[in-house]
Amino acid sequence: MNTLEDRLREALSERAQQSTISDDAWARTVARARRRRSRPSAWSRFMIPAAAAAAVIAIVVGASLLAGDRSPRGGSGPARPATASPSATPPAPPGRNDYLMRQAPPVSAVVPVRLSMDGKTTWTFVWFGYMKNARNQGIALCSVTDGDNYYGSGGCGAATVGAGKVAISDGGTGSIRLGTVIGQAASVTAVLGDGRSVPGALAFGRGFPYKVWAVAYAQENNARVVFADDGGHELGQLSFRAEYPTPSQPRSGGIVVFRYPAHVLEPTAGTMKAYLLDGRLVGVTGKVVGFWDSSSGSVIASHPASGPPAVVNMGGEIVNHAKLSEYYGYAHENVTRVVLRLPGGAEYGVQTFAAWPGSGLRLWAFTVPSGALSVKPSQEVLLGYDAAGHVVWSGR
Amino acid sequence: MGMANLRAGPTAGDDMATGVSGLFRTRYPEMVRLADLLGADDPEDIAQEAFARLIRKYDSLRDPDAALAYVRASVCNLTRNRHRHLRVVRLRTPAGRPEESSEQAAILREDHREVLTALAALPPRRREAIVLRYWLDLSEREIAEAMGTSPGAVKSNVSRGLAALAEALGEKA
């Protein structure tokens, strides 16, 4: 029987052959690129003058606040927002032939919103329009963000603020959250989980049925986005859960879990190392275990290193082009052997070995021929044995 | 400042178009297919927009070798944007299978259709990671570049995507 990977490759390859390619694609692409440069007038009525836009709506998020520096602006209260400097002009807005512009042609002004975080500035162009083939969904808020590797990412989403509500979120992209808010809103602030406040921006332009709010903050923070009127009275708020980036590989403290030669697990040879991390990096209170593969990145446990479960499997799925699959993870100190039991009854296992002194953790790793693995990992059982040979933990 | 200044590019587009044409010749079909496999409803439109963006930005690329990575990232971003649009549309329309036409469905082998249907049901980022890995055979570093994420996140998306596929296909077996 083919492995899941083989089936995937065959299916994707067959499906890809059915894509159609036009003969005039290059000419159309060049024309599309040139149109944006040479025909500014046709839709300039949608734009507000750039300098005015910057002065009215651009608010720079205090980078020092985001970095945790509270002192210059006084405790955890709202930071004094920096205004856009005269030279801080937006880049070229998305052209008429921009993909989203065509999916939801503007029925309002196209307004640039400047945000910055960690010293990097982004410009998000926002407008309202009706999505093609979905006019009955109501008016949509569209956004396109450029700068700092955003590459024009964005999208369009429902914009209507329902009865009795103050604001909605359209999601956003990267570190930017945005959406629509009722006209009474005069300020928007993200209050992060640790109490810090990050001022956001409100944008309004011709034809806007709502104000547009936007705020940029590090996404590993839980956040409440709070809206207030011009008297400072809170109108309402939206909550966002934290999303955690992968931490950097620590410079020390690593323990080699296993090594592998080239063309077995990865095209190049590599070493897998385990590190004991400060759990706050990944949203867990306490310590967590992370594994760094020298050739292909990292995997971080989402479980606290203390407390159950007794065996944590960090790898072992059928990945890459591997002839072998490596099962590895950590276990609590009462687990001396870890065994994988496959649906047919075959077992693969290994003795665990001590990890960091005083951590109460042990590490383990063993290989399994990829061909032996089922495409139904739910039928595989991982067992943890103590020194007396008793099963002290089992899980799928 | 007037709007003309806003729109002025650094140089004329012709030189940049010339620089991109070689890449276009060799990679355009691949980018169309990538957009198609990621579920774009108009893959050629996505690929053309990605190359048009490259033409506009070609002279600001620090490394010409980065052009292919830029186009790949654009295709992923643009397709994801399109998904966001479609997601809103689908909120109030009957669930269907917009991923392939009936003609395509008839042509595809039955087992391949099962795999592709399960793939289409994955969250966009997992689907992207799977397609970039198993169709383009990219390394995790290259996939991370295309998706604008970390290699660790790629590993996680591939792994969880495969697990979800296995589960979905297993249930149907």
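Residues numbered from 1 in each chain as written. Chains lettered and ligands numbered in written order. Predicted model: local features only at pLDDT ≥ 70, side-chain atom pairs only at ≥ 80, totals over all residues. Heavy atoms only, no water.

What follows deals with the overall build of chain A. A count of helical and extended segments in chain A gives five helices and 26 strands. Within the span of chain A, comprising 396 residues, buried residues form 52% of the whole. Across chain A, contacts joining residues at least 24 apart in sequence account for 54% of those joining residues at least 6 apart. When the accessible surface of chain A is totalled, it reaches about 17300 Å², and 51% of it is carbon and sulfur. (Helix = DSSP H or I, 4+ residues; strand = E, 2+ residues; numbered from the N terminus. Buried < 20%, exposed > 50% of the residue type's maximum accessible area, 1.4 Å probe, protein only. Contact = heavy atoms within 4.5 Å. Areas by Shrake-Rupley, 256 points an atom, 1.4 Å probe, with all protein chains shown as cover.)

Charged atoms that come close allow side chains of opposite charge to pair. Applying the stated criterion across every chain, the model contains nine salt bridges over all chains. Taking the shortest distance from any N to any O, the salt bridge between Asp137(B) and Arg9(A) comes out at 3.6 Å. Of the two residues, Asp137(B) sits in the loop between α7 (124-134) and α8 (140-147) while Arg9(A) sits in helix α1 (residues 4-16), which places them in two different chains. Exposure remark for Asp137(B): the relative accessible area of 42% places this residue in the partly exposed category. Between Glu49(B) and Arg53(B) there is a salt bridge, with its nearest N and O atoms 3.0 Å apart. One end of the pair is Glu49(B) and the other is Arg53(B), both in helix α3 (residues 43-57) and four residues apart, which spans about a single turn. The exposure classification of Glu49(B) matches that of Arg53(B), with both residues buried. Put simply, Arg133(B), Glu140(B) and Lys155(B) are held in one network by salt bridges that share partners. (Salt bridge = Lys/Arg side-chain N within 4 Å of Asp/Glu carboxyl O.)

On to the sheet that holds strand β11 (residues 201-203) of chain A, then. All names here are of chain A. Spatial strand order, β7-β8-β12-β11: four strands in an open sheet with antiparallel pairing. Every interior strand has two partners, whereas the edge strands, β7 (167-169) and β11, have only one. Neighbour to neighbour, the strand axes of the sheet diverge by 25 degrees on average, direction disregarded. Of the pairings in the sheet, the one linking β7 to strand β8 (residues 176-181) comprises three bridges and is antiparallel in character. Looking at β8, one finds that Ser169 is bridged to Gly179. (Pairing = 2+ DSSP bridges. Axes fitted to C-alpha atoms, helices over the stretch in contact; angles between N-to-C directions.)

Every buried residue of α8(B) is accounted for by Glu140(B), Ile143(B), Ala144(B), Ala146(B) and Met147(B). Seen from one end, α8(B) has its buried residues packed into an arc of 165 degrees, which puts them on one side. (Arc of directions from axis to C-beta.)

So, about the packing of α1(A) against helix α6 (residues 110-120) of chain B. Where α1(A) meets α6(B), the closest approach of the two axes is 9 Å, and the angle between their N-to-C directions is 95 degrees. Our classification of the angle between α1(A) and α6(B) gives roughly perpendicular. Seen from α1(A), the contacting residues are Arg7(A), Leu8(A), Glu10(A), Ala11(A), Leu12(A), Glu14(A) and Arg15(A); seen from α6(B), they are Asp111(B), His112(B), Glu114(B), Val115(B), Leu116(B) and Leu119(B). Residues that form the contact of α1(A) with α6(B) fall into these classes: six nonpolar, one polar and six charged. (Parallel < 35°, antiparallel > 145°, perpendicular 65-115°, else oblique. Nonpolar A, V, L, I, M, F, W, Y, C, P; charged D, E, K, R; others polar.)

The next point concerns the packing of aromatic side chains. Residue and element names in this part refer to chain A. Using the criterion set out here, one finds 12 aromatic pairs over all chains in the structure. Both rings, one in Trp364 and one in Phe366, keep their centres 5.7 Å apart while their planes meet at 25 degrees; by these two values the pair is stacked. For the pair formed by Trp364 and Phe366, the shared burial category is buried. (Phe/Tyr/Trp six-rings, centres within 6.5 Å; stacked < 30°, edge-to-face > 60°.)

Our next topic: α1(A). Residue and element names in this part refer to chain A. A rise of 1.5 Å per residue sets the reference length of α1, with its 13 residues, at 18 Å; its end C-alpha atoms lie 18 Å apart and thus fit the reference within 8%. When we look at burial in α1, the residues that qualify are Leu4, Glu5, Arg7, Leu8, Ala11, Leu12, Arg15 and Ala16. Along the axis of α1, the buried residues cluster in a sector spanning 160 degrees; they form a single face. (Expected span 1.5 Å × (residues − 1).)

Another point: the environment of Arg196(A). All names here are of chain A. In this fold, Arg196 is placed in the loop between β9 (187-192) and β10 (197-199). Residue Arg196 is classed as buried on the basis of its relative accessible area, which comes to 9%. Engagement of the side chain of Arg196 in a polar contact is seen with the side chain of Asp194, the distance being 2.8 Å. (Polar contact = N/O pair within 3.5 Å; in protein donor to acceptor, adjacent residues only side chain to side chain.)

Right, let's get into the sheet that holds strand β26 (residues 391-395) of chain A. Residues and elements named next belong to chain A. Pairing in this open sheet of four strands is antiparallel, and the strands run β22-β21-β25-β26 from one edge to the other. Unpaired on one side and paired on the other, β22 (347-351) and β26 mark the two borders of the sheet. Put simply, the sheet's adjacent strands are angled 15 degrees from each other on average, direction ignored. Here strand β21 (residues 337-341) runs beside strand β25 (residues 381-385); their pairing, made up of five bridges, is antiparallel. Residue pairing across strands places Arg337 opposite Tyr385, the latter belonging to β25.

Position of Ala228(A) among the secondary structure elements: in strand β13 (residues 223-228). Contacts of Ala228(A), omitting those with residues within four sequence positions, involve Gln184(A), Ala185(A), Ala186(A), Ser187(A), His233(A), Glu234(A) and Leu235(A).

Residues and elements named next belong to chain A. Averaged over all residues, the pLDDT of chain A equals 75, while 73% of them reach at least 70. Below pLDDT 50 for its whole length, residues 35-87 participates in 111 contacts with residues either more than four positions away or in separate chains. For residues 317-321, every residue scores under 50 in pLDDT, and the model assigns this stretch 24 contacts once sequence neighbours within four places are set aside. (pLDDT = per-residue confidence, 0-100.)

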